[in-house]
Amino acid sequence: MSKRKRAAILISGRGSNMAALIDAARRYGFPAEISLVLSNRPDAGGLAFAAANGIATAIVDHKAFESRDAFDAAIGKILESTRIEIICLAGFMRVLTDPFVQKWNGRIINIHPSLLPEFKGLDTHARALAAGAKVHGCTVHFVVPELDAGPVILQAEVPVKEGDDEATLGKRVLTEEHRIYPLALKMLAEGKVRLEGDRVVKS
Ligand code: GRF
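These lines cover the structure that appears in this document, whether it is placed above or below. (Residues numbered from 1 in each chain as written. Predicted model: local features only at pLDDT ≥ 70, side-chain atom pairs only at ≥ 80, totals over all residues. Heavy atoms only, no water.)

## Observations concerning the site of the ligand
For step 1, the next point in the chain: The full set of residues close to the ligand is R14, G15, S16, N17, G91, I111, H112, P113 and E177.
For step 2, the next point in the chain: S16 has a polar side-chain atom sitting 2.5 Å from an oxygen atom of the ligand.
For step 3, the next point in the chain: At a separation of 3.0 Å, a nitrogen atom of the ligand approaches a polar backbone atom of I111.
For step 4, the next point in the chain: Alone, the ligand offers 360 Å² of accessible surface; in the complex the protein occludes 84% of this. (Near = heavy atom within 4 Å. Polar contact = N/O pair within 3.5 Å; in protein donor to acceptor, adjacent residues only side chain to side chain. Areas by Shrake-Rupley, 256 points an atom, 1.4 Å probe, with all protein chains shown as cover.)

Here is the structure:
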């Protein structure tokens, strides 16, 4: 097996996608290892799970920085010193600066709880319900400077059922998030998906 890629997961909250990535990366033959979990919030629930699983954690509290540039520089330093090759955003609630995103172009991915380009931004489940969507889902995409606009790597659909509320629909979507995010990381780490310009190429 060729050398495993060193991945960092950036979180801000409970970290259930992070946990799915950590679990997947532990399996034999997975082409990436989770080398770092970094949170911008000291109280992110996911930090405890990462630490309990023996993964290095870092907290970079955005409130301690006076600009986005300074915050991103601090994150970049840590990623560099831990020799990170791939970044997975998993419920990371900070907008990264264009230069940061461009530097990591093709090596930074995100999971979003809707079928992009539908429902960019927040409250996706409530908005899907309000729109009367019959199908909803999640997307793993390459991160580009424009929010939730990057080229799509994988999507999974779920039905919207009669009587669904935000919680029931969100739970159905989350189950799919936990399935496709590890799959997308696997594909990226083994070179089966890559970004060429603004196109996703699979092989
Ligand atoms: C997920 O729904 C993800 O799609 C979105 O933020 C949520 C994070 O949840 N970007 P978790 O922290 O992974 O549990």
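Text resumes after the structure shown.
## Some remarks on the nonpolar core
Most often, soluble globular proteins have nonpolar side chains that are buried together.
For step 1, the next point in the chain: Ranked by size, the top nonpolar core spans 44 residues in total, and within it I9, I34, V37 and L185 carry the most contacts.
For step 2, the next point in the chain: Counting residues per element, this core draws most heavily on helix 6 (residues 166-189), which supplies nine residues.
For step 3, the next point in the chain: When sequence neighbours within four positions are dropped, the list of residues in contact with I34 reads A7, I9, L21, I22, A25, I55 and L185.
For step 4, the next point in the chain: Counting residues in each nonpolar core, the second largest holds 20 residues, with V60, I75, L79 and L96 among its members. (Core = buried A, V, L, I, M, F, W, Y, C linked by side-chain atoms within 4.5 Å. Buried < 20%, exposed > 50% of the residue type's maximum accessible area, 1.4 Å probe, protein only. Helix = DSSP H or I, 4+ residues; strand = E, 2+ residues; numbered from the N terminus. Contact = heavy atoms within 4.5 Å.)

## Some details on helix 1 (residues 16-26)
Because an α-helix completes one turn every 3.6 residues, residues spaced three or four positions apart along the sequence face the same direction.
For step 1, the next point in the chain: Summarising burial for helix 1: eight of the eleven residues are buried, a large majority.
For step 2, the next point in the chain: The complete set of buried residues in helix 1 reads N17, M18, A19, A20, L21, I22, A24 and A25.
For step 3, the next point in the chain: Buried-residue contacts for helix 1 involve strand 1 (5-11), strand 2 (32-39), helix 2 (46-52), strand 4 (86-89), strand 5 (108-112) and helix 6.

## A closer look at the packing of aromatic side chains
For step 1, the next point in the chain: All told, the structure shown has two aromatic pairs when counted by the stated rule.
For step 2, the next point in the chain: Both rings, one in F65 and one in F71, keep their centres 5.9 Å apart while their planes meet at 70 degrees; by these two values the pair is edge-to-face. (Phe/Tyr/Trp six-rings, centres within 6.5 Å; stacked < 30°, edge-to-face > 60°.)

## With respect to the sheet that holds strand 7 (residues 152-159)
For step 1, the next point in the chain: Taken in spatial order, the seven strands make up an open sheet running 3-2-1-4-5-6-7, and their pairing is mixed. A strand with exactly one partner marks an edge of an open sheet, and here the two such strands are strand 3 (57-59) and strand 7. Adjacent strand axes in the sheet meet at a mean angle of 20 degrees, parallel and antiparallel pairs treated alike.
For step 2, the next point in the chain: Strand contacts of helix 1: strand 1, strand 2, strand 4 and strand 5, with the helix running at about 155 degrees to strand 2, the strand carrying the most contacts. (Pairing = 2+ DSSP bridges. Axes fitted to C-alpha atoms, helices over the stretch in contact; angles between N-to-C directions.)

## Overview of the environment of N40
For step 1, the next point in the chain: Relative to the elements of secondary structure, N40 occurs in the loop between strand 2 and helix 2.
For step 2, the next point in the chain: Sequence separation between N40 and A64 is 24 residues, and the spatial gap between their C-alpha atoms is 10.0 Å.
For step 3, the next point in the chain: Residues within four places of N40 in sequence aside, it is in contact with I11, S12, V60, D61, H62, F71, F92 and R94.
For step 4, the next point in the chain: Engagement of the side chain of N40 in a polar contact is seen with the side chain of S12, the distance being 2.6 Å.
For step 5, the next point in the chain: A distance of 2.9 Å separates the side chain of N40 from the side chain of H62, its partner in a polar contact.

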